[in-house]
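Summary of the model geometry
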Amino acid sequence: MLIAFVGVHLLMVLKLGINEWPMPGRIVRRATYLQEYRELTHKTGCTVRASAVGKDILFSGFILLSIAICAVYFVPLSGRPAGSTIIQTASAA
C-alpha cells in the first residue's frame, strides 16, 4: 500500500506540480494554479523532473555509499567466515 500511495503522490506531483510554501499575501486559486505553475517553471526553468530526480539520485547514491563504507569498515576481513570463533569455542569445551 505504501508503494501505491507513493506512486499516486508522484503521479499527482508530475501532473499538477508542486505547491509553493504558504506565505501571507499569496493566494492560490484552483482555476489559475496550473497556468501560474507553468509560467513559473518556464520563467525559472526548474521543473519537478529536473530538480527532484537529481536530488533523489544524489541522496540515494550517498545512502548506498554510506552502506558500502559501513560494510567494509564493520565486517572483519580476517578470511574466516563470520561466526567461526563461536563454533571453535563451542567445540573446544
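A short tour of the structure in this document, coming up. (Residues numbered from 1 in each chain as written. Predicted model: local features only at pLDDT ≥ 70, side-chain atom pairs only at ≥ 80, totals over all residues. Heavy atoms only, no water.)

1. Structural notes on the overall build of the protein chain
Tallying secondary structure elements over the protein chain gives 4 helices and 0 strands in all. Secondary structure elements in the protein chain, listed N-terminal to C-terminal, are α-α-α-α. For the protein chain, the residues scored as buried account for 8% of the 93 residues in total. For the protein chain, the exposed surface amounts to about 8,700 Å²; the carbon and sulfur share of it is 71%. (Helix = DSSP H or I, 4+ residues; strand = E, 2+ residues; numbered from the N terminus. Buried < 20%, exposed > 50% of the residue type's maximum accessible area, 1.4 Å probe, protein only. Areas by Shrake-Rupley, 256 points an atom, 1.4 Å probe, with all protein chains shown as cover.)

2. Topic: the packing of aromatic side chains
Centre distance and the angle of the planes are the two values used to describe a pair of aromatic rings. The final tally for this structure, using the stated rule, is 1 aromatic pair. Geometrically, the ring pair formed by Tyr73 and Phe74 is edge-to-face, given 4.8 Å between the ring centres and 85° between the ring planes. Each of the two residues, Tyr73 as well as Phe74, counts as exposed. (Phe/Tyr/Trp six-rings, centres within 6.5 Å; stacked < 30°, edge-to-face > 60°.)

3. With respect to a nonpolar patch on the surface
Taken together, Phe59, Phe62, Ile63, Leu64 and Ile67 make up a surface patch of nonpolar side chains, about 540 Å² in accessible area. Tracing the chain through its elements places Ile63 in helix 3 (residues 48-74). (Patch = residues over 30% accessible without salt bridge, like charges linked within 9 Å, V, L, I, M, F, W, Y side chains within 5 Å. Salt bridge = Lys/Arg side-chain N within 4 Å of Asp/Glu carboxyl O.)

4. A look at helix 2 (residues 33-44)
Relative to the 16 Å expected for 12 residues at 1.5 Å per residue, helix 2 spans 16 Å between its end C-alpha atoms, a close match to the ideal helical length. Of the residues one or two after helix 2, Gly45 is the one with positive phi, at around 80°. (Expected span 1.5 Å × (residues − 1).)

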